[in-house]
Amino acid sequence: MKARMIRPFIALVWALTSLQAAAQDFPNRAITMMMPYAPGGPGDTITRLFAGAMQKHLGQQIVVDNTAGASGSIGTAKVARSKPDGYTLLMIHVSHATNTAMYKNLPYNPVDDFEPIGRATNGPMVIVTRNDFPAKDLNEFVSYLKANGPKISLAHAGVGSASHLCGLMMMNALNVKMNEIPYKGTGPALTDLMGGQVDVLCDQTSGTVPPVKGGKIKAYAAAGKTRLSGLPDVPAISEAGVQGFEINISFGLYAPKGTPKPVMDQLTSALQKSIADPDVRQRLDAMGISAVSPEQARPEALRAHLKYEIETLGALLTKAGVKAN
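Presented here is an overview of the structure given in this document.

Thresholds, definitions, all that
- Residues numbered from 1 in each chain as written.
- Predicted model: local features only at pLDDT ≥ 70, side-chain atom pairs only at ≥ 80, totals over all residues.
- Heavy atoms only, no water.
- Core = buried A, V, L, I, M, F, W, Y, C linked by side-chain atoms within 4.5 Å.
- Buried < 20%, exposed > 50% of the residue type's maximum accessible area, 1.4 Å probe, protein only.
- Helix = DSSP H or I, 4+ residues; strand = E, 2+ residues; numbered from the N terminus.
- Contact = heavy atoms within 4.5 Å.
- Pairing = 2+ DSSP bridges.
- Right-handed = clockwise from strand over helix to strand, strands pointing away.
- Salt bridge = Lys/Arg side-chain N within 4 Å of Asp/Glu carboxyl O.
- Polar contact = N/O pair within 3.5 Å; in protein donor to acceptor, adjacent residues only side chain to side chain.
- Disulfide = S-S within 2.5 Å.
- Axes fitted to C-alpha atoms, helices over the stretch in contact; angles between N-to-C directions.
- Parallel < 35°, antiparallel > 145°, perpendicular 65-115°, else oblique.
- Left-handed = near helix turned anticlockwise from the far one by under 90°.

Concerning the nonpolar core
Next, step 1: Formed by 47 residues in total, the largest nonpolar core has its most connected members in F50 and M54.
Next, step 2: A per-element tally of this core places helix 2 (residues 42–58) first, with seven residues.
Next, step 3: Apart from residues no more than four positions distant in its own chain, F50 is found in contact with M91, A120, T121, L271, S274, I275, V280 and L284.
Next, step 4: Core analysis: the second largest hydrophobic core is formed by 37 residues, M171, M178, A221 and L313 among them.

Points about the pairing of strand 6 (residues 179–182)
Next, step 1: Where strand 5 (residues 153–156) and strand 6 come together, four bridges link them in parallel fashion. Directly across from S153, in strand 6, lies its bridge partner N179.
Next, step 2: Assessed by its sense of winding, the connection that carries the chain from strand 5 through helix 6 (residues 162–174) to strand 6 is right-handed.

Brief notes about the pattern of salt bridges
Next, step 1: Tallied over the entire structure, the rule returns twelve salt bridges.
Next, step 2: Between D277 and K56 there is a salt bridge, with its nearest N and O atoms 3.2 Å apart. Placement of D277 in the loop between helix 9 (261–275) and helix 10 (278–286) and of K56 in helix 2 is noted, with a sequence separation of 221 residues between them.
Next, step 3: A residue is classified by how much of its surface remains accessible, and D277, at 12% relative accessible area, is buried.
Next, step 4: In this structure, K261 engages D265 in a salt bridge whose closest nitrogen and oxygen atoms are separated by 3.0 Å. Here D265 and K261 lie together in helix 9, a separation of four residues that amounts to about one turn.
Next, step 5: The class for K261 is exposed, based on a relative accessible area of 59%.
Next, step 6: D265 sits in the partly exposed class, given a relative accessible area of 39%.
Next, step 7: Beyond isolated ion pairs, a larger network of salt bridges with shared partners links R130, D132 and D199.

A closer look at the environment of S161
Next, step 1: Turning to its location among the elements, S161 is positioned in the loop between strand 5 and helix 6.
Next, step 2: Accessibility expressed as a relative area gives 8% for S161, which makes it buried.
Next, step 3: Here the alpha-carbon distance between S161 and P210, two residues 49 residues apart in the chain, equals 20 Å.
Next, step 4: Each residue touching S161, except ones within four places of it in the same chain, is listed here: S71 and H156.
Next, step 5: A polar atom in the side chain of S161 sits 2.7 Å from the backbone oxygen of G158.

Points about the state of the cysteines
Next, step 1: Applying the stated rule across the entire model yields one disulfide.
Next, step 2: Put simply, C166 and C202 are joined by a disulfide, and their sulfur atoms are 1.8 Å apart. Of this pair, C166 sits in helix 6 while C202 sits in strand 7 (residues 200–204), and the two are 36 residues apart along the sequence.

With respect to the packing of helix 4 (residues 95–102) against helix 11 (residues 299–320)
Next, step 1: Running from amino to carboxyl end, helix 4 crosses helix 11 at an angle of 45°, the nearest separation of the two axes being 8 Å. Classed by the angle they form, the pair helix 4 and helix 11 counts as oblique. Judged by the sense of rotation from one axis to the other, the crossing of helix 4 with helix 11 is right-handed. Within the contact between the two elements, helix 4 uses H96, A97, T98, T100, A101 and M102 and helix 11 uses L306, E309, I310, L313, G314, L317 and T318.

In structure tokens, the structure reads:
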């Protein structure tokens, strides 16, 4: 009996000792950074930017894995099941919080199954349309939506995505109902918007500002109270008298639960150096978003932000009765 009791204890001690030994040698091979959305979208761009910056400070290649689907939950579950050694990371935004409201049997817990490394970016949202949308300015745009809501197609990157939340907020604020068209990621939604197959999209500036500046789509408003530095001529939605419509999307970096603290410290240090990298800041600024402050790029800041999003944006989905198909 005693031998049976001792064996699991020895196995546990051996496993912990092995993890600590591996932590002292971290990293000695390539790291995978999961981006659980489709390639070509803003999340993909941000993830590849930080993967490139962090690998310079860690001394090992960081490979981006786009395992998309189910509002990011497929790729996220893959990370949750990974060995907690620092070699599999997760870069994700608000869907990490909102999936708890959307999926009844989510195969992981966003709080209990992950170690927060730190926040990476803050990204405002912008309302864009196909180029031939029939409204000459923001006031006409708001009036057109109120008069023609059900006839207008509202694209988004999937149920529970940042663009879906932005669209829900917009419809709530304007008291209109549009025809929602879900996509598997922002990239495909933007492609159809540029091709004129859908009418409206509300999404992060990281994906929308370049095609706006390139003349491929039109921007009508920033989703909030202030104008965007990347699009200073585009008014804030509040300038049309619209209230209660403000959303900012933050990407954060996570590791599986149980990742040793020495490894976590190295990853947080690499993230902090990356947000201070002039090239990273310049490229983010060109996309209309910003790197967070050093205080926000810490585990405790990301943990608090996740709690806030679960309580607020998750509640928005619950109120709207939104569930995953």
